[in-house]
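Below are the chains, spelled out letter by letter.
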Amino acid sequence: MVTSVAITGAAGAIGYALAFRIASGALLGPDEQVRLRLLELPSAMGALEGVAMELEDCAFGTLAGVDLADDARVAFDGVSHALLVGARPRGPGMERGDLLAANGAIFRDQGAALEAVAADDVRITVTGNPANTNALVAAHHAPSIPRSRISALTRLDHNRAVARLAAKVGAGVADVRRMTIWGNHSATQVPDVAHALVGGRPAPDLVDAAWIADDLVPTVAQRGAAIIAARGASSAASAASATIDHARTWVHGTAEGDWTSMAVVSDGSYGVPEGLVSSFPVTVVDGEWRIVPGLAIDDVVRARIDASIAELVDEREQVRALGLL
Ligand code: NAD
Ligand code: LMR
C-alpha cells in the first residue's frame, strides 16, 4: 500500500527538512511506502524541482513517488495526510498572531481544496502560523471533514517543555511523560508540568513552583522568538521534527501511560469554548485522539489557560472581520 502525504510550502525551510525525513520513513515507518505530494507557490516551483531532484538522488526505498503542484486541488487529490506548512513566518518583533492577515486566506483556500479532493481518511496538521486559528479557518471551509481530523501543531512546544524539564532534573527526555501544553501556539501558551512524571515520579516533587513560573513557562513560550533572534530565521528542523512527531503519534498512538499535546477542535472540555482550536493533553488509540479527561487544574494554570483562550477568541474575531469565517 502507498500512502499519499501532502506537504505545503515544500521548498521552504521547514518543508525542506520535512520532505526528506518523511521520504525516509520517519512518519509511516520503514515498511510503508509514501508518495509525496508537494505544493508550492508558482514562483517557487523552480526551487521545488530542485527538492524533487534531491529526493530522487537519495534513492529512499520507502519513497514511491513525488508529485509537484502549484494548485492545491491537484496536490491534495487523494491524500491521507495534509501537512499545511506553507505560510509566511514571523520576523523579529512580531507575534505569530500578526500573521493572520497575511496567512489566513491560504487556509481558507486549502481547507476548501481538502474538502473537495482529499481522501476520506485525511488527517490535517497545520504548522503555518498562527497555527491554531489557521486550522480554525481550514476547518470552516472543509465542513464535511470530521472535526477530529483537523489539528494544529503544539508538539514543538511540548517537546521544548519535555527537554527543558529533563535537563533541569538531570533525566533523559525518554523518562518524561504526561507533559501538557494548553491553549494557543503563541506567547500565551500554557506549558503545564502538574501531571508530568519523570522516571515515574511526579514532576512537582522535583521542581519548585518558582522555576516553573520564572523559567519553564516563559522559556518555552518565548522559545520561537529566541530562535528567531539567534538564527535570524524561525525554527525549521525542530518544527519539521515536531510535525512528524505529531502526525506519527496520530497514526501509531501514544504509549501506554503517556499522552501528548495536540491543538484540536474543542468539544468544550476544560472550559475551552466548543469549536476553538486549542491545545490539550490527548491520548491516541487506533488513529483517534481523545482529550485526557478529569485533570485537576490549579488557579495559576487556570488563569493562564483563560488568557490563552481569550487570545484565541480574539483571533477568531479577527478572521471573522477578514471575511475568512
Ligand atoms: P519559509 O518562508 O521558509 O517557507 C514557506 C514556504 O511556503 C515558501 O517556500 C513559500 O513559497 C510557501 N508558500 C507560501 N504560501 C503558500 C501557499 N499558499 N501554498 C503553498 N506554499 C506556499 O517558512 P518556514 O520557516 O518554512 O515556516 C513556514 C510556516 O511555519 C511559518 O508560518 C512559520 O511561522 C510556521 N512555523 C510554525 C511552527 C509551529 O510550531 N507551529 C514552528 C515553526 C514555524
Ligand atoms: C516556533 O515556535 O518556533 C514557530 O512558531 C516560529 C515562531 O514564529 O516562533
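Residues numbered from 1 in each chain as written. Chains lettered and ligands numbered in written order. Predicted model: local features only at pLDDT ≥ 70, side-chain atom pairs only at ≥ 80, totals over all residues.

> Let's hear about the overall build of the protein chain: which residues, and what values?
Counting its secondary structure elements, the protein chain contains 10 helices and 14 strands. Computed over its C-alpha atoms, the radius of gyration of the protein chain comes to 19 Å, within 12% of the 20 Å expected for a compact globule of 325 residues. Considering only C-alpha atoms, the protein chain reaches an extent of 50 × 45 × 40 Å along its principal axes. With 325 residues in all, the protein chain has 48% of them scored as buried. Nonlocal contacts in the protein chain, meaning residues at least 24 apart in sequence, comprise 73% of its contacts between residues at least 6 apart. (Helix = DSSP H or I, 4+ residues; strand = E, 2+ residues; numbered from the N terminus. Rg over C-alpha atoms; globule rule 2.2 N^0.38 Å. Buried ≥ 20, exposed ≤ 12 C-beta atoms within 10 Å, placed from the backbone. Contact = placed C-beta atoms within 7 Å.)

> I'd like to hear about the site of ligand 1, residue by residue, with values.
Around ligand 1 lies a shell of 29 residues, among which G9, G12, I14, G86 and A239 are the nearest. The biggest single contributor to the shell around ligand 1 is helix 1 (residues 13-23), with three residues. Tallied by class, the residues present in the shell around ligand 1 amount to 15 nonpolar, 11 polar and three charged. Looking at which domains feed residues into the shell around ligand 1, each of domain 1 (2-152) and domain 2 (155-314) gives three or more. (Near = placed C-beta within 6 Å. Nonpolar A, V, L, I, M, F, W, Y, C, P; charged D, E, K, R; others polar. Domains from an automatic or database assignment.)

> Account for the UniProt feature "domain: Lactate/malate dehydrogenase C-terminal" (unreviewed entry) in the protein chain, with residues named and values stated.
Using the residue numbers shown here, the UniProt feature "domain: Lactate/malate dehydrogenase C-terminal" (unreviewed entry) corresponds to residues 154-320. Split by type, residues 154-320 is 45% helix and 19% strand. Its first and last C-alpha atoms lie 23 Å apart. (UniProt positions renumbered as here; feature names shortened; annotations may be inferred.)

> Let's hear about the nonpolar core: which residues, and what values?
Counting residues in hydrophobic clusters, the biggest one holds 94 residues, and the most contacted among them are I7, A19, A82, A135 and A138. Examining the composition of this core, we find that seven residues originate from one element, helix 1, more than from any other. Residue-level mapping places this core at the junction of two domains, with at least three residues from each of domain 1 (2-152) and domain 2 (155-314). (Core = buried A, V, L, I, M, F, W, Y, C linked by C-beta atoms within 7 Å.)

> Tell me about the site of ligand 2, and please be specific about residues and values.
The immediate surroundings of ligand 2 are formed by P89, R90, R96, N129, L156, G224, A225, I227, S234, S235 and A239. Looking at which element gives the most residues to the shell around ligand 2, the answer is helix 8 (residues 223-231), with three residues. Here the shell around ligand 2 is built from residues that sort into five nonpolar, four polar and two charged. Two domains each donate at least three residues to the shell around ligand 2, and these are domain 1 (2-152) and domain 2 (155-314).

> Kindly report on the sheet that holds strand 2 (residues 33-39), identifying the contributing residues and their values.
Reading across the sheet, the nine strands line up as 3-2-1-4-5-6-12-13-14 and stay open at both edges, with mixed pairing between neighbours. Of all strands in the sheet, those with a lone pairing partner are strand 3 (63-69) and strand 14 (288-291), marking the two edges. Direction aside, the axes of adjacent strands within the sheet are offset by 35 degrees on average. Each of strand 2 and strand 3 is contacted by helix 2 (residues 45-58), which is oriented at about 175 degrees to strand 3, the strand it contacts most. Most of the contacts of helix 9 (residues 237-252) go to strand 5 (residues 123-126), to which it runs at about 155 degrees, and overall it touches strand 4 (81-84), strand 5, strand 12 (260-265), strand 13 (277-285) and strand 14. (Pairing = 2+ DSSP bridges. Axes fitted to C-alpha atoms, helices over the stretch in contact; angles between N-to-C directions.)

> Any details on helix 6 (residues 155-169)? Residues and values, ideally.
Taking 1.5 Å as the rise per residue, helix 6 with 15 residues should run 21 Å; its terminal C-alpha atoms sit 21 Å apart, in good agreement. For helix 6, the set of buried residues is R155, L156, D157, H158, N159, R160, A161, V162, R164 and L165. (Expected span 1.5 Å × (residues − 1).)

> Mind laying out the confidence of the model for the protein chain, listing which residues take part and the relevant values?
Mean pLDDT over the protein chain stands at 97; residues scoring 70 or higher make up 100%. At the level of individual helices and strands, the protein chain shows its lowest average pLDDT in helix 4 (residues 100-117), which scores 96, and its highest in strand 13, which scores 99. Complex prediction metrics read pTM 0.98 and ipTM 0.99. (pLDDT = per-residue confidence, 0-100.)

> Hey, could you go over the pairing of strand 12 for me, with residue numbers and the actual values?
Burial within strand 12 is extensive, with six of its six residues counted as buried. Summarising the sheet, strand 6 (residues 150-152) and strand 12 pair through two bridges and their orientation is antiparallel. Across the sheet, the residue bridging to S151 is V264, located in strand 12.

> Explain the environment of G200 to me, using residue names and the numbers behind them.
By secondary structure assignment, the location of G200 is in the loop between strand 10 (197-198) and strand 11 (201-202). On the basis of neighbour count, G200 is assigned to the exposed category, with 8 C-beta atoms found within 10 Å. Taking the C-alpha atoms as reference, G200 lies 7.8 Å from D175; in sequence the two are 25 residues apart.

> Could you give an account of the domain arrangement of the protein chain, with specific residues and numbers?
By domain assignment, the protein chain separates into domain 1 (2-152) and domain 2 (155-314). The C-alpha centroid of domain 2 is placed 23 Å from the C-alpha centroid of domain 1. Tallying the contact residues gives 33 residues for domain 1 and 28 residues for domain 2. The set of elements that each furnish at least two residues to the side of domain 1 that touches domain 2 consists of helix 1, strand 4, strand 5, helix 5 (131-140) and strand 6.

> Summarise the UniProt feature "binding site: NAD(+)" (unreviewed entry) in the protein chain; cite the residues concerned and give the values.
Per the UniProt entry, the sites bearing "binding site: NAD(+)" (unreviewed entry) are G9, A10, A11, G12, A13, I14, G15, N103, Q110, T127, G128 and N129 in this numbering. Looking at G9, the number of C-beta atoms within 10 Å reads 26, which means it is buried. Positionally, G12 belongs in the loop between strand 1 (2-8) and helix 1. Residues contacting G12, with those up to four places away along its chain left out, are V85 and G86.

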